[in-house]
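# Residue-level structure breakdown
Listed below, chain by chain, are the residues.
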Amino acid sequence: MQRLRRGLYLLESALANCYLIEGTHGLTLFDTGQPSAASALIAEIERNGFSIRDIEAIVLSHCHFDHAGGARGLLERHRVKVYAHPADASAVKGEVRRPRSLGMRLWTSFLRLRWPYRPLEVVVPIDEGETLRPLPQWQVLRLPGHTPGSIGLFQPGEKALLCGDALNNRHGRLAVPGDVHCDDPVQARESARKIAALDLEVLACGHGPVVLSRAGLKVHDLLAPLT
Ligand SMILES: [Zn+2]
Ligand SMILES: [Zn+2]
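Thresholds applied
Residues numbered from 1 in each chain as written. Chains lettered and ligands numbered in written order. Predicted model: local features only at pLDDT ≥ 70, side-chain atom pairs only at ≥ 80, totals over all residues. Helix = DSSP H or I, 4+ residues; strand = E, 2+ residues; numbered from the N terminus. Rg over C-alpha atoms; globule rule 2.2 N^0.38 Å. Buried ≥ 20, exposed ≤ 12 C-beta atoms within 10 Å, placed from the backbone. Pairing = 2+ DSSP bridges. Axes fitted to C-alpha atoms, helices over the stretch in contact; angles between N-to-C directions.

### Quick word on the overall build of the chain
Assigned secondary structure in the chain consists of seven helices and 11 strands. The C-alpha radius of gyration of the chain comes to 16 Å, within 12% of the 17 Å expected for a compact globule of 227 residues. Expressed as lengths along the three principal axes of its C-alpha atoms, the size of the chain is roughly 45 × 40 × 30 Å. Within the chain, the proportion of its 227 residues that are buried is 46%.

Here it is, written out as structure tokens:
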């Protein structure tokens, strides 16, 4: 576990980055890793002095199995509400198959063989402009494109954004997800521009190291050749 800011921690034991946020009412978990990740995440949380019984909410950045897959296992240990955007909720519940793009379908089919996805029965819808009871300082942002229901959590006071796969920072190289990794590449670039317009210091992506300073500037530099 890495402390990023006061009350914001990176969990490192899943395929995708997951984040633990200390709010005014307990803890919130942002993303849950792949289906096999639940027990490692629970161990990491407890090893660092937190209790999973203090988790009040789970928020899913989007429906992909490396972000939503661990939720079912976590709920078996501790029942809480799981929030996701309505446009991804049916995929989280296993009612439709995501993603739509061929490249991502092939990739996730391969990974699902190894880690079968276990869908959730109930997902609580959440959308831009709403705040969660445990996290009054954090705002939900819609960041569609990678998937239709991709969302982020933004904390203006700390200038911190958790963006899921709306941007990634694999190997420390900040990037908009490639077209084959997007349901709607045009929307994905619009979401990147929306991120660039924020006053941002910390950018915590779903993959790769967290950008801990001057994140807004770095997103601007990234988008300059695309505009
Ligand atoms: Zn994804
Ligand atoms: Zn991902």
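### What to know about the sheet that holds strand β11 (residues 202–205)
Spatially, β8-β9-β10-β11 is the arrangement adopted by the four strands of the open sheet, whose pairing is mixed. Each of the sheet's edge strands pairs with one partner strand only, and the pair in question is β8 (139–142) and β11. Each neighbouring strand pair of the sheet contributes to a mean axis angle of 20°, computed without reference to strand direction. Examined bridge by bridge, strand β9 (residues 151–155) and strand β10 (residues 160–164) share three bridges and lie antiparallel to one another. In the strand pairing of β10, F154 is matched with L161.

### Topic: the pairing of β9
Judged by how many residues are buried, β9 sits mostly within the fold: four of five residues are covered. In this structure, β8 lies alongside β9, joined through four bridges in antiparallel fashion. Across the sheet, the residue bridging to Q139 is F154, located in β9.

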